[in-house]
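# Survey of secondary and tertiary structure
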Protein chains: 2
Amino acid sequence: MTRPTPLSGFPEWLPAERLAEQQVLDRLRRTFELYGFSPLETRAVEPLDQLLRKGETSKEVYILRRLQAVEGAQSGSASAEPGGARLGADDEVSLGLHFDLTVPFARYVLENAGKLQFPFRRYQIQKVWRGEKPQAGRYREFLQADIDIVDRDTLPPHYEAEIPLVIGDALRSLPIPAVRIMVNNRKLCEGFYRGLGLEDPEEILRIVDKLDKIGPNAVAELIIGAGGTESQAKACLALAEIRSQDTSFADAVRALGVEHPLLDEGIAELSAVVETAREHSPGLVEATLKIARGLDYYTGTVYETELAGYEQYGSICSGGRYDNLASAGKDVFPGVGISIGVSRLLGLLFDSDALAVSRPTPTAVLVALWSEEERAASNRIAAALRARGIATEVAPVPAKLGKQIRYAERRGIPFVWFPASASAEGGDQVKDIRSGEQVAADSGEWNPPAADMAPTLQ
Amino acid sequence: MTRPTPLSGFPEWLPAERLAEQQVLDRLRRTFELYGFSPLETRAVEPLDQLLRKGETSKEVYILRRLQAVEGAQSGSASAEPGGARLGADDEVSLGLHFDLTVPFARYVLENAGKLQFPFRRYQIQKVWRGEKPQAGRYREFLQADIDIVDRDTLPPHYEAEIPLVIGDALRSLPIPAVRIMVNNRKLCEGFYRGLGLEDPEEILRIVDKLDKIGPNAVAELIIGAGGTESQAKACLALAEIRSQDTSFADAVRALGVEHPLLDEGIAELSAVVETAREHSPGLVEATLKIARGLDYYTGTVYETELAGYEQYGSICSGGRYDNLASAGKDVFPGVGISIGVSRLLGLLFDSDALAVSRPTPTAVLVALWSEEERAASNRIAAALRARGIATEVAPVPAKLGKQIRYAERRGIPFVWFPASASAEGGDQVKDIRSGEQVAADSGEWNPPAADMAPTLQ
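Throughout what follows, the structure given in this document is the object of discussion. (Residues numbered from 1 in each chain as written. Chains lettered and ligands numbered in written order. Predicted model: local features only at pLDDT ≥ 70, side-chain atom pairs only at ≥ 80, totals over all residues. Heavy atoms only, no water.)

## As for the overall build of chain A
A tally of helices and strands in chain A yields 14 helices and 19 strands. The burial tally for chain A puts 59% of its 458 residues in the buried class. Side chains of chain A carry 51 positive and 65 negative charges; the gap between the two charge centres is 5 Å. (Helix = DSSP H or I, 4+ residues; strand = E, 2+ residues; numbered from the N terminus. Buried < 20%, exposed > 50% of the residue type's maximum accessible area, 1.4 Å probe, protein only. Lys, Arg positive; Asp, Glu negative; His and termini not counted. Charge placed at Lys NZ, Arg CZ, Asp CG, Glu CD.)

Set out below in structure tokens:
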């Protein structure tokens, strides 16, 4: 075998990075569970027709075939479609890898509705796959951490105000730069556009979504190109400029003189989101009326999140309220959710050395080994330490003492334990190899400082 | 959308089951880290040629294609192979989903050898995919939890004795039936067969591997069919019958009168494995000389694990030592590892109601809501409880009190919190809805009993 090389778009972390990722995930989980979200996982695959329901993402899907089915096709089986998306056997549905966690979750809710308690809140931390061209910060395989709350028939709007509290607490539990959640409301925009007399509010939303990329002049031109007047375009841009960390955005919107019942509803909902967040975490949430979110399925509050110092990389955490994603016959399950792009976030932080762990191994203590015959004695010490929650390894070989200490040093293991049998002083000793301090110790009683028990994020 | 139905072979847990799985994984992780294993994940895909190196599993691989590439092929691109395993674009390698975690780990070690510290110990908990026909207990997507220790050039045999300690501690940390790890050694078998004069020991191993399925007579016939004599076949069967929880297996092997240097080496290694385990966990490990493991790459100790009461379902945790899995040019990385079939194990336990969680939600407290206007007050109580680690939800709507209590009951939430504002007695109260006991409480101080803090495995 020749030495393998990385696959573009499929990032893999080194052990220290993975240890950091694991700690990040543990803290996210902890916060999600404090808010009563249940862990959930769905299978990696969905029927292809479900994945292709949303036109926009159809190009990004990885389809699956069993090699056996392919080989059957190559040896002349009539049922195979050359190059096609179907699996070989007729009784199997065509499958693709999921490209997000929202579509699979909506399907899961429909499939298991009779066994779930509504409103149902779940978090889901899984890999997703997109066959896009890999670019900086854009992967073909990446980890997402999603939370959603779905209800049967109707979903009270206060859940749209709760989501930013959860995400705020979760992200603020990490030693990362400050986050700002930018919120808007689809009803507010749609009501405003309709109040202005614009007849295709979705089209206007898609145009305004390009504001940061193409600038206000180009946006105005596109609105006019879509049948709007100059003054309508101007009003749309004026709306998009409004932002506030309190409910004063409402006055600014009113000052534009547009009226529509949907606009009133949107302003009320967005005010509740901003007010709830302001009481909980001042500075966390900002009404930012240019936020549009490209995807069609959002129907109320939408969220995007900026990381201070990393604004140019776009949103690290996005979502919104959706009313039409999960429905079967008369059953409708509206929901609201948000998704943290974990791989993308960590990729940015690792690349700029902004996140690391205190040591690159779980091990706190290396038990030295005087001879291979004394391995059982060193094992007993290790077992006694582990029984009290102290992560411990035994030295691989009875090398010279200096070599065993260097073994620990290279790994960032803070303590080396010297078993009594060959120690000059008689009893067991433990050495902090950073300070050089060495003390007598009993493996049934000694504890490392709390900060050294496990690797911590820093 | 019509109501979706499950996909055969792609199991999904309900929330309570997933909560149990999560707790199982947390305990496994905890033990792995106590032994100094670092968490690691590899991408889900590997180049197809790497996945097909081992002939035996070639039929089980799921291959991936980007839908875009397929559509390019259908519109007449010359580079596409009909039904073939290659992706559409020439610059992309053919990819398949990994079918285990050992092959990807071996590749990862080769790829990152310069950045790893050896011996390198990692654990890896990920889904794997196999395109096999789904059957009872055999899935197309399932979760594995693997530990491996790899070293550069040579790997001391004491690591083969350490693996059962880790797995024993990990599985014994779960409230599941007793496990027994059955160990054997490839050198012992090969040396014995060679000492007997049998010239294709691998073939004999593959035949003996079928013992439980086809019985001793059929095994003897196959050995004779493969060129063995009747007395050689008898000796092979006698060897396969030997089992002991101490090193007495060695005497039983010697009593068969066969000699070979490789046999001596195997006996010594297996004795060390049994002796180390016996000191650490009496009854955990048994030398079981019929254990063969089908896969070719094992070269030393091999492991299989039985769960008491579930013996007929086969091994829940298997592995062994391998010397030739990871090599590139002169670099060789021998290793030893074991893999817990988590989905399979949990599927068995869930199906027989042998594993569950104490409640199906993380939430310990539901804060009641007297009116929508008082939501901010209920939110404040929830925030105070969460700040002290108590998982809390606020009631979804200001329904009648009985309805709010039933909401908690249906979810298994043990406590309902009554905010002061509308409570007859003046201050906040909290009710244990199982016992009916209700007491005055301060959200900055009250704690539930430790057993109610989080769902626990039972």
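On we go from here.
## Looking at the pairing of strand β17 (residues 415-418) of chain B
Residues and elements named next belong to chain B. Every second residue of β17 is oriented toward a common face, with Phe415 and Trp417 on one face and Val416 and Phe418 on the other, all of them buried. Pairing of β17 with strand β18 (residues 429-432), which is carried by four bridges, proceeds in the antiparallel orientation. The residue bridging Phe418 from the neighbouring strand is Gln429, located in β18. (Pairing = 2+ DSSP bridges.)

## Some points on the interface of chain A and chain B
With 107 residues of chain A at the interface, the matching set in chain B holds 107 residues. Contact between chain A and chain B buries roughly 9000 Å² in total, counting both sides, with carbon and sulfur atoms accounting for 55%. At the boundary of chain A with chain B, the tally comes to 14 salt bridges. Taken together, the connections running from chain A to chain B amount to 40 residue pairs in polar contact (both at pLDDT 80 or more). The element that contributes the greatest number of residues to the side of chain A that touches chain B is helix α1 (residues 15-34) of chain A, accounting for nine residues. Split by residue class, the side of chain A that touches chain B holds 49 nonpolar, 26 polar and 32 charged. As judged from the five bridges shared by strand β3 (residues 62-66) of chain A and strand β3 (residues 62-66) of chain B, these two strands associate in the antiparallel manner. Bridge pairing in β3 of chain B places Leu64 of chain A opposite Leu64 of chain B. (Contact = heavy atoms within 4.5 Å. Buried area = accessible area lost by both parts, 1.4 Å probe. Salt bridge = Lys/Arg side-chain N within 4 Å of Asp/Glu carboxyl O. Polar contact = N/O pair within 3.5 Å; in protein donor to acceptor, adjacent residues only side chain to side chain. Nonpolar A, V, L, I, M, F, W, Y, C, P; charged D, E, K, R; others polar.)

## Quick look at the relation of the copies chain A and chain B
Each copy superposes on the other: chain A lies on chain B with an RMSD of 0.1 Å after a rotation of 180° and an axial shift of 0.0 Å. Taken together, these values place the two copies in the relation of a two-fold axis. When the interface residues of chain A are mapped onto chain B, 100% of them are again interface residues, pointing to one common binding face. (Least-squares fit on C-alpha atoms with pLDDT ≥ 70 in both.)

## Focus: the packing of aromatic side chains
Considering all chains together, one arrives at 23 aromatic pairs over all chains under this definition. Here the aromatic rings of Phe105 of chain A and Phe120 of chain A are separated by 6.1 Å at their centres, their planes lie at 35°, and the arrangement is tilted. Here the residue Phe105 of chain A occupies a position in helix α4 (residues 102-112), and Phe120 of chain A occupies one in strand β5 (residues 120-129), the gap between them amounting to 15 residues. Residue class for Phe105 of chain A comes out buried when judged on its relative accessible area of 1%. Feature note: the residues Tyr297, Tyr298 and Tyr322 of chain A constitute an aromatic cluster, connected by ring pairs. Of note, Arg386 of chain A hangs over the ring of Tyr35 of chain B, and the distance from its end group to the ring centre comes to 3.6 Å. The ring of Phe415 of chain A carries the charged tip of Arg434 of chain A above its face, separated from the ring centre by 5.4 Å. (Phe/Tyr/Trp six-rings, centres within 6.5 Å; stacked < 30°, edge-to-face > 60°. Lys NZ or Arg CZ within 6 Å of the ring centre and 35° of its normal.)

## Remarks on the sheet that holds strand β2 (residues 45-47) of chain A
Strand pairing in a sheet takes place through backbone hydrogen bonds and is either antiparallel or parallel in direction. In space, the six strands of this open sheet follow the order β2(A)-β4(A)-β3(A)-β3(B)-β4(B)-β2(B), with antiparallel pairing throughout. Both edges of this open sheet fall to β2 of chain A together with β2 (45-47) of chain B, since each of them pairs with a single strand only. Going across the sheet, the axis of each strand differs from the next one's by a mean of 45°, ignoring polarity. By the bridge criterion, two bridges tie β3 of chain B to strand β4 (residues 95-97) of chain B in an arrangement that is antiparallel. Paired with Ile63 of chain B across the bridge in β4 of chain B is Gly96 of chain B. (Axes fitted to C-alpha atoms, helices over the stretch in contact; angles between N-to-C directions.)

## Let's talk about the packing of helix α8 (residues 211-225) of chain A against helix α9 (residues 230-241) of chain A
Residues and elements named next belong to chain A. Viewed as axis vectors pointing N to C, α8 and α9 meet at an angle of 155°, and their least axial separation amounts to 7 Å. Judged by the angle between their axes, α8 and α9 are roughly antiparallel. Relative to α9, α8 is oriented so that their crossing is right-handed. Where α8 approaches α9, its residues Leu211, Pro216, Val219, Ala220, Ile223 and Ile224 are matched on the opposing element by Glu230, Ala233, Cys236, Leu237 and Ala240. Class assignment of the residues belonging to the contact of α8 with α9 gives a composition of ten nonpolar, no polar and one charged. (Parallel < 35°, antiparallel > 145°, perpendicular 65-115°, else oblique. Left-handed = near helix turned anticlockwise from the far one by under 90°.)

## Remarks on the environment of Asp264 of chain B
Considering the arrangement of structural elements, one finds Asp264 of chain B in helix α11 (residues 261-280). Linking Asp264 of chain B and Ala287 of chain B, residues 23 residues apart in sequence, is a C-alpha distance of 15 Å.

## Here we look at the nonpolar core
Grouped together as the largest cluster of nonpolar side chains are 82 residues, with contacts concentrated most on Leu28, Phe32, Tyr193, Phe249 and Ile340 of chain A. A total of eight residues in this core trace back to one element, the largest contributor, which is helix α5 (residues 158-172) of chain A. When near neighbours in sequence (up to four residues on either side) are disregarded, Phe32 of chain A contacts Phe37, Tyr123, Ala145, Ile147, Val166, Ile167, Ala170 and Ile340 of chain A. With 81 residues, the next largest nonpolar core counts Leu211, Leu239, Ala277 and Leu307 of chain B among its residues. (Core = buried A, V, L, I, M, F, W, Y, C linked by side-chain atoms within 4.5 Å.)

## Describing the side chain of Thr363 of chain A
Topologically, Thr363 of chain A is positioned in the loop between α12 (342-351) and β15 (365-367). A relative accessible area of 0% means that Thr363 of chain A is categorised as buried. Looking at Thr363 of chain A, its side chain comes within polar contact range of the side chain of Glu393 of chain A, at 2.7 Å. When residues no more than four places from it in sequence are discounted, the contact partners of Thr363 of chain A are Ala391, Thr392, Glu393, Ile413 and Pro414 of chain A together with Gly36 of chain B.

## As for unusual backbone geometry
Note: most peptide bonds trans; most residues except glycine with negative phi. Residues and elements named next belong to chain A. The amide bond that connects Phe118 to the next residue, Pro119, takes the cis arrangement and shows omega of -10°. Turning to its location among the elements, Pro119 is positioned in the loop between α4 and β5. We note that Asp353 has phi near 50°; this positive angle belongs to a residue other than glycine. Relative to the assigned elements, Asp353 resides in the loop between α12 and β15. A relative accessible area of 71% means that Asp353 is categorised as exposed.

## Thoughts on the pairing of strand β5 (residues 120-129) of chain B
Residue and element names in this part refer to chain B. Across the ten residues of β5, ten count as buried, placing the element largely inside the fold. With two bridges joining them, strand β1 (residues 38-39) and β5 adopt parallel strand pairing. Each bridged residue has a counterpart across the sheet, and for Pro39 the counterpart in β5 is Tyr123. Of the strand pairs in this sheet, β5 and strand β6 (residues 141-150) are connected by ten bridges, and their pairing is antiparallel. Looking at β6, one finds that Lys127 is bridged to Leu143.

## A few points about the environment of Glu265 of chain A
Looking at where Glu265 of chain A falls in the secondary structure, it is placed in helix α11 (residues 261-280). C-alpha of Glu265 of chain A to C-alpha of Leu188 of chain A: the two residues are 77 residues apart in sequence and 7.0 Å apart in space.

## A closer look at the pattern of salt bridges
Residue and element names in this part refer to chain A. Taken as a whole and assessed by the stated rule, the structure comprises 65 salt bridges over all chains. Two residues, Arg152 and Asp331, come together in a salt bridge whose shortest N-O distance is 3.8 Å. Of this pair, Arg152 sits in the loop between β6 (141-150) and α5 while Asp331 sits in strand β13 (residues 331-332); the two residues are 179 residues apart in sequence, bridging distant segments of the chain. Of the charged contacts, one joins Arg321 and Glu160 as a salt bridge, the two residues approaching to 2.8 Å between their closest N and O atoms. Here the residue Arg321 occupies a position in strand β11 (residues 317-322), and Glu160 occupies one in helix α5, the gap between them amounting to 161 residues.

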